[in-house]
Amino acid sequence: MLDVSISYNRYKFLGHEFLTWLWFVMENDEPRIKGLDQEPLALRIGNRMVLENRRGDALESITIKGDDAGLEEGLLALRKGAVVTEMNLLYEAGDNQWQFTIKGESLHLVSFRCPQTGPVETEEDVEGAVLEKAYLYEKAIQLTDKLYKEFITLRVSDQWPKKVVPSVKKWIHS
Amino acid sequence: MGTERIPQNTMGLLSRSVSITRYKVQGKLKEPVLETMASCLKKHAIRETDEDVSDKTVGWTSYDRPYAPDFSGSSFNIGTYFVFSLRMDKRTIPPKMLKKHCAIEMAKRLARIDRPYLSSHEKDMIRDDVTSFLRRRIPATPDVYDILWSYEEAFLWFFTTLKSANEDLETLFLKSFEMPLIRLFPYTTADLAMGLSARDRDALLTLSATTFTG
């Protein structure tokens, strides 16, 4: 395996392409997301997205914030050559809702909120609460893993240059 | 005082909003696993730093008792997980406090000598003495970061994305358990955690950034 610090910097574009592709899929190929789990699920963009456009040494950064923020400026940034570097997601399954931000460069999960769990007041509550939280974190993490697996499987295949990139370009410029 | 384990750690993995860095654990502990685990945690548990003057002390602590670690009775084992915490105690001297005490000591020194100035060597000596003096008097500030380790599935979640805390975790984990932690970022996730074939892993190495414009 490559040295960790080299591979972190050399391939961080994969995280940015993943989030850019994910936005495209959420807008244009919802069945692909719904097919990732046996139970019905919904995934949509939450209250924050960051895009970056690097031209030589200059870095342009666009942040879109707010629960009902329009994403037109994001699409405009994509047209100019930007990629998505952070994306807040809302994931719903059954009556439960998760909200979290994926950082493209590191795949860190931040501002990660699970469905509400019961209060922890005594020693007896701790074990149950930890197991419940672990289960809830794992549900959302498994979804992001399935999405990343879909992406990376396409990314290393011929489908990426032949089908995916032309479709993403068409969407960006539509 | 009773011995009941009242939860002291209200932050971390049970809090309303968390941040997670994900790792893959490479290797296995010596059998019997629970005994090995308890022994490694105890050996590298946090030590109280009020007696020494280190800038920083790092060690393991109990998830539910971060200020009184106790790894007895497999208390770190919850369901199929190992749950414990990394504690980092740091002594930080406020810069303005250091500046004030250095100025006082320099004035005292100037009053004792015939010259109207101090050499840079004398100033450095005073600064070192003052730093050491203050460090003995300032208590260490603890930071606690929770860890959830699925031993069977060989993954670990660290509940912070702070770079320094992640570096301390990786160092202490290797020292304690003699197994490396591999941070999961875009390349390592693709290479190690997605079940790609050898051919696809080779293809991964040759990728370069896509241009979606033009």
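Everything quoted here is computed from the prediction, not taken from an experiment. (Residues numbered from 1 in each chain as written. Chains lettered and ligands numbered in written order. Predicted model: local features only at pLDDT ≥ 70, side-chain atom pairs only at ≥ 80, totals over all residues.)

Student: Hey, could you run me through the overall build of chain A in this one?
Tutor: What chain A contains, in helices and strands, is six helices and five strands. For chain A, the sequential pattern of α-helices and β-strands runs α-α-α-β-β-α-β-β-β-α-α. When its C-alpha atoms are laid out on the principal axes, chain A stretches across 55 × 35 × 35 Å. Classification of the 174 residues of chain A by burial places 30% in the buried group. Across chain A, contacts joining residues at least 24 apart in sequence account for 54% of those joining residues at least 6 apart. (Helix = DSSP H or I, 4+ residues; strand = E, 2+ residues; numbered from the N terminus. Buried ≥ 20, exposed ≤ 12 C-beta atoms within 10 Å, placed from the backbone. Contact = placed C-beta atoms within 7 Å.)

Student: It is not clear to me how the pairing of strand β1 (residues 17-25) of chain B should be interpreted in this structure. Could you clarify?
Tutor: Sheet faces and side chains relate simply in a regular strand, where the side chains alternate between the two faces. Here three bridges tie strand β5 (residues 109-113) of chain A to β1(B), and the two strands are oriented antiparallel to one another. Looking at β1(B), one finds that R113(A) is bridged to S17(B). Where β1(B) and strand β6 (residues 155-158) of chain B come together, four bridges link them in antiparallel fashion. Bridged to Y23(B) within β6(B) is L156(B). Here three bridges tie β1(B) to strand β7 (residues 181-183) of chain B, and the two strands are oriented antiparallel to one another. From the neighbouring strand, K24(B) faces β7(B), where its bridge partner is I182(B). (Pairing = 2+ DSSP bridges.)

Student: Explanation requested: unusual backbone geometry in the structure shown.
Tutor: Residues other than glycine predominantly adopt negative phi, and peptide bonds predominantly adopt the trans conformation. The omega torsion across E31(B) and P32(B) is -10°, close enough to zero to call that bond cis. Here P32(B) lies in the loop between β1 and α1 (33-43).

Student: Please clarify how the packing of helix α2 (residues 95-112) of chain B against helix α3 (residues 120-137) of chain B should be interpreted in this entry.
Tutor: The axes of two packed helices give the description: the angle between them and the distance between them. Residue and element names in this part refer to chain B. One can describe the packing of α2 onto α3 by two numbers: an axis separation of 9 Å at closest approach and a directional angle of 125°. On the basis of the axis angle, α2 is oblique to α3. The hand of the α2/α3 crossing is right-handed. Listed contacts from α3 to M97, L98, H101, C102, E105, M106 and R109 of α2 are E122, K123, I126, R127, V130, T131 and L134. Residues that form the contact of α2 with α3 fall into these classes: seven nonpolar, two polar and five charged. (Axes fitted to C-alpha atoms, helices over the stretch in contact; angles between N-to-C directions. Parallel < 35°, antiparallel > 145°, perpendicular 65-115°, else oblique. Left-handed = near helix turned anticlockwise from the far one by under 90°. Nonpolar A, V, L, I, M, F, W, Y, C, P; charged D, E, K, R; others polar.)

Student: What is the right way to read the interface of chain B and chain A from this model?
Tutor: Interface size, as often reported, equals the accessible area lost upon joining of the parts. Facing 39 residues of chain B, the contacting portion of chain A comprises 42 residues. Every element with two or more residues in the side of chain B that touches chain A is listed here: β1, β4 (81-90), α5 (186-192) and α6 (198-205) of chain B. Of the residues forming the side of chain B that touches chain A, the biggest block, six residues, is contributed by α5(B). Class assignment for the residues of the side of chain B that touches chain A results in 23 nonpolar, nine polar and seven charged.

Student: What exactly am I supposed to notice about the nonpolar core here?
Tutor: Nonpolar side chains in soluble globular proteins tend to be buried together. In this structure, L22(A), M87(A), V83(B), F84(B), L148(B) and F158(B) are the most contacted members of the largest nonpolar core, which totals 80 residues. The dominant element in this core, judged by the number of residues it contributes, is helix α5 (residues 123-155) of chain A, at nine residues. When sequence neighbours within four positions are dropped, the list of residues in contact with M87(A) reads L19(A), L22(A), W23(A), I45(A), M49(A), T101(A) and I102(A). (Core = buried A, V, L, I, M, F, W, Y, C linked by C-beta atoms within 7 Å.)

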